[in-house]
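Chain by chain, the residues run as shown.
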Amino acid sequence: MCMSCFTCACMRPRYKRLVDNIFPPNPQDGLVKNNMEQLTFYSLSSPEKLDRIGEYLYQRACRDLSRKRNGFVLIAMEAMDQLLVACHAQTLNLFVESFLKIVQKLLESTEPDLQVLATQSFVRFANIEEDTPSYHRRYDFFVSKFSSMCHNNHGDDATKDMIRLAGIRGLQGVIRKTVSDDLVENIWEPVHMDKIVPSLLYNMQDSRYLKGMEPHSPEPGEEKNSPPQLAETCIRELVGRASFGHVRSVLKPVLRHLDLHNLWAPNQFAIHTFRIIMFSIQSQYSYAVVESLMLHLDENSKAEPKIRTSIADVLSKIIAIAAEESVGPSVLEIINSLLTQLRTSVGRGAGEPGGGGGGEEQAYQEALINALGEFAAHLPDYQKIEIMMFIMSKVPYIKQHGGRAMDDCLLQHMLLKSLLTVGRRYNSVSMNTTFPASFLEPLMRMSVARDADLRLLVQRILHTLLDRHDNRHKLTKPTVCVSDLELVVEKCSRPDAIFARKNVPELFHCLVEGLRLENNSVENVEAVYTTLALIAIELACDDVLPDFLNMILDIQSSALDKTTGLAAAQRYSLHAVAISLLVLLPHVVIISPLSEYAEKVVTARQEQDLTHLLPELLVHYEVKQPPPMSDAAAARSPVPQAALIDRQALADCLKDAGLDSGHITSASVAPHRHSWVESAGVTLKGSVTDLTNMELDSASSTPGIQRKYPEEELTFEAMKRVLAESSEVKREAEALRQKQLNEAFRATTFSELITNNTTSEEESLQAKLNDLFSRMASGLSTPMTPSPASSHSSTHTHQHPHQQGATPVPVYELLFPELFAY
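Residues numbered from 1 in each chain as written. Predicted model: local features only at pLDDT ≥ 70, side-chain atom pairs only at ≥ 80, totals over all residues. Heavy atoms only, no water.

Draft legend 1. Seen up close, the side chain of Asn-70. Relative to the helices and strands, Asn-70 resides in helix α5 (residues 70-86). Of note is the side chain of Asn-70, whose polar atom sits 2.9 Å from the side chain of Glu-111. Sequence-distant contacts of Asn-70, that is, excluding residues within four places in its chain, are made with Leu-65, Glu-111 and Leu-114. (Helix = DSSP H or I, 4+ residues; strand = E, 2+ residues; numbered from the N terminus. Polar contact = N/O pair within 3.5 Å; in protein donor to acceptor, adjacent residues only side chain to side chain. Contact = heavy atoms within 4.5 Å.)

Draft legend 2. Focus on the environment of Phe-390. The topology assignment puts Phe-390 in helix α20 (residues 381-394). Between the alpha carbons of Phe-390 and Leu-419 there is a distance of 9.4 Å; along the sequence they are 29 residues apart. Setting aside chain neighbours within four positions, we find Phe-390 in contact with Leu-332, Ile-335, Asn-336 and Leu-339.

Draft legend 3. Examining the nonpolar core more closely. Grouped together as the largest cluster of nonpolar side chains are 216 residues, with contacts concentrated most on Phe-274, Phe-435, Ile-555 and Leu-582. With 12 residues, the top contributor of residues to this core is helix α28 (residues 568-588). Ignoring sequence-local partners within four residues, the contact set of Leu-582 consists of Leu-549, Ile-552, Leu-594, Tyr-597, Ala-598, Ile-645 and Leu-650. Counting five residues, the second-largest nonpolar core is a separate cluster that includes Leu-613, Val-639, Ala-643 and Leu-644. (Core = buried A, V, L, I, M, F, W, Y, C linked by side-chain atoms within 4.5 Å. Buried < 20%, exposed > 50% of the residue type's maximum accessible area, 1.4 Å probe, protein only.)

Draft legend 4. Main features of unusual backbone geometry. Omega for the bond connecting Ala-265 with Pro-266 falls within 30 degrees of zero, at -5°, which places this linkage in the cis form. Within the secondary structure, Pro-266 is located in the loop between α14 (244-260) and α15 (268-280). Look at Asp-470: it is not a glycine, yet its phi comes out positive at around 55°. By secondary structure assignment, the location of Asp-470 is in the loop between α24 (452-466) and α25 (494-515). With a phi close to 55°, Asp-609 is a non-glycine residue in the positive phi region. Counting through the fold element by element, Asp-609 comes out in the loop between α29 (592-607) and α30 (631-636).

Draft legend 5. How the structure looks around the confidence of the model for the protein chain. The pLDDT averaged across the protein chain works out to 81; a share of 75% of its residues lies at or above 70. Low confidence marks residues 667-712, where pLDDT is under 50. Its contacts with residues over four positions away, or in another chain, come to 60 contacts. (pLDDT = per-residue confidence, 0-100.)

Draft legend 6. Layout of the environment of Glu-490. Relative to the helices and strands, Glu-490 resides in the loop between α24 and α25. The exposed category is assigned to Glu-490, whose relative accessible area is 52%. Placed 47 residues apart in sequence, Glu-490 and Ile-537 show a C-alpha to C-alpha distance of 7.9 Å. Residue contacts for Glu-490: discarding those within four places in its chain leaves His-469 and Ile-537. Here the side chain of Glu-490 touches His-469 through a polar contact of 3.4 Å, side chain to side chain.

Draft legend 7. Region of the structure containing the pattern of salt bridges. Counting across every chain of the model gives 24 salt bridges. Arg-256 is the partner of Asp-194 in a salt bridge, and the nearest nitrogen-oxygen pair spans 3.2 Å. Residue Asp-194 is found in helix α10 (residues 190-204), and its partner Arg-256 is found in helix α14; the two are separated by 62 residues along the sequence. The residue Arg-516 makes a salt bridge to Glu-513 at a minimum N-O spacing of 3.1 Å. Taking relative accessible area as the criterion, Arg-516 reaches 23% and is therefore assigned partly exposed. For Glu-513, a relative accessible area of 4% puts it in the buried group. One connected set of salt bridges, linked through shared partners, spans Arg-176, Glu-237 and Arg-241. (Salt bridge = Lys/Arg side-chain N within 4 Å of Asp/Glu carboxyl O.)

This is the structure:
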């Protein structure tokens, strides 16, 4: 008996006896707590025994598991958990190996209860911070097993949810255990991320996303009992722990999962997923998500338009979040990527029937433009200006003749739509800042383009950027009832006045030239009116008031000029625009005489049944029979003089207000036309003013031809009269001379013009030069009187050319023979 006792009990190690004592005879009684306390005390006092205790518990659990004694397995697992929590010695790593082996054994079983138990133990282990990191521990099995549990499809819904929740919690434990420890296995490797991320997304796929319903906020306690909500929490934690180098490791499986499961269209789930990612990621890395989506869009460039549109829509929903953290080159990089996508789409659509790739391709382009606008909306204003200038630099220049017109025209439209979208998010403060020269000049160039729709887009952009007081919606159509509009007007600031003096005349010139184009619709004319009205409200001041009045007179002249090729309805529209602007101007710059005169012209048109010269603009007008006029008056203008805006009357209004009227007493001369105006496809229909200026400039630059004016006299009396005359008389004389010259060119036939302006042979340049050089040669070749000493010798040695009977050679041919070689 003693020998048997010694052999069976006394010879067994103490740690085994302590382990055996924690198991009760009946597993339903649970863990023996007193004996467990002794085992814990022994483990703390002898930490070197922990690895053996763990190994022995693992052996007992495996034996009980194989015998289906699950009650004792649960007791062994509970003991493992308590020892794991209580002991933090450096030798805990050896105990953990045994712990993980028993967890793996339980996870390999087919019983859901044991799998859940093992998962709970693993989660408790994951929350423990170990003193000494492990260099060799691997979690491949746990990642794979927990991921498979996330896809469980048990027939019973309660059991399915229980196993899925356990799998998600297990993945959460793996992430927490590995992310914080750089020495363990890298969980960010694709082999792990390709299992973790799709498993979480699979559980997040809820019927409410696929049906287009808005996701609701989780109720209290729902997060613990709902796999979708717990999966969201887990992916938020995963993304939040990702460093810059690991962000793409998470995004790649996300994009692949959406591709494989056709979750882009409809894209409610994709939008929800990326919103979670954007709000969870570290803010300084948020633009990396946008870049990944842009790259994915490149990779799907040949996909269906519906797929690309959905991806672009997701981009537009999240890009605003990234905009707040994007700085420097990243801003233009994102903008450039969007514009590149837009250019590619336009190039693809231009080659298809319809020129735009159909409705789906256009929807994709609109989604890209919307994404661009959302991105710009959250940037500071100075960056919005840079973006608009960057977009403008990408707008192709279309020559009057040349290939790829369709591609370039479509691209122009799309880029200008993008610019308009950005401009709507911009708050204009100073015109100098809003319209730098490199931005304003291309806009002016395109305001006179051949394409009417393109010009309309340009006007929309100008409306958005010019309007600082929200007046553009009140000025969409010309009207003479300005007092009813309740416009918001502020005095023009000094910087804006400087900008106006520098740019307004040329801007007016481009806008008036745009009104002269034959393909203008009513919408085009109304858009130009809105632009001019906004310029008047924002930039009108005393310094540029004559320019405004000259612009109004130019519009009226365009309406009266029969050589422009405009239809009758278009001429009537121009008359209506001119009078509407004239009525508006005194409400901006308070000038009572000008307001009274404008009302007088409006009344005259109403009384003489000339309502077609007043707003509103129509496509077709029913014009009443005009009152009889003399033949001379009808030849000058089909409209009675009283119903027209008179130049001298405007000048008198300015005089009465105490302002300078010098700039409008003479006919306005259009400023020098830049080369870009000519290349934009605008063909001016025989402008008499331009012809006159061309002839005068040509005459002044040609030697030997002097410009002659009617009253030009270079006498003492003439000079005295010039000094005595007032500047007003000079201007009137100049206006009269200009008028006479214009009438001469209008009434004179072409053959007479050629005869009157052709240089005669006697006045040609060659004749003048020959005469001049002949006089010089005669003066140089005349012999000087010889001195007495040399007279005799010279008589014998040289003879005068005339005495020899030869023709004298001019001295300039002797000195410069190469210039006169025939």
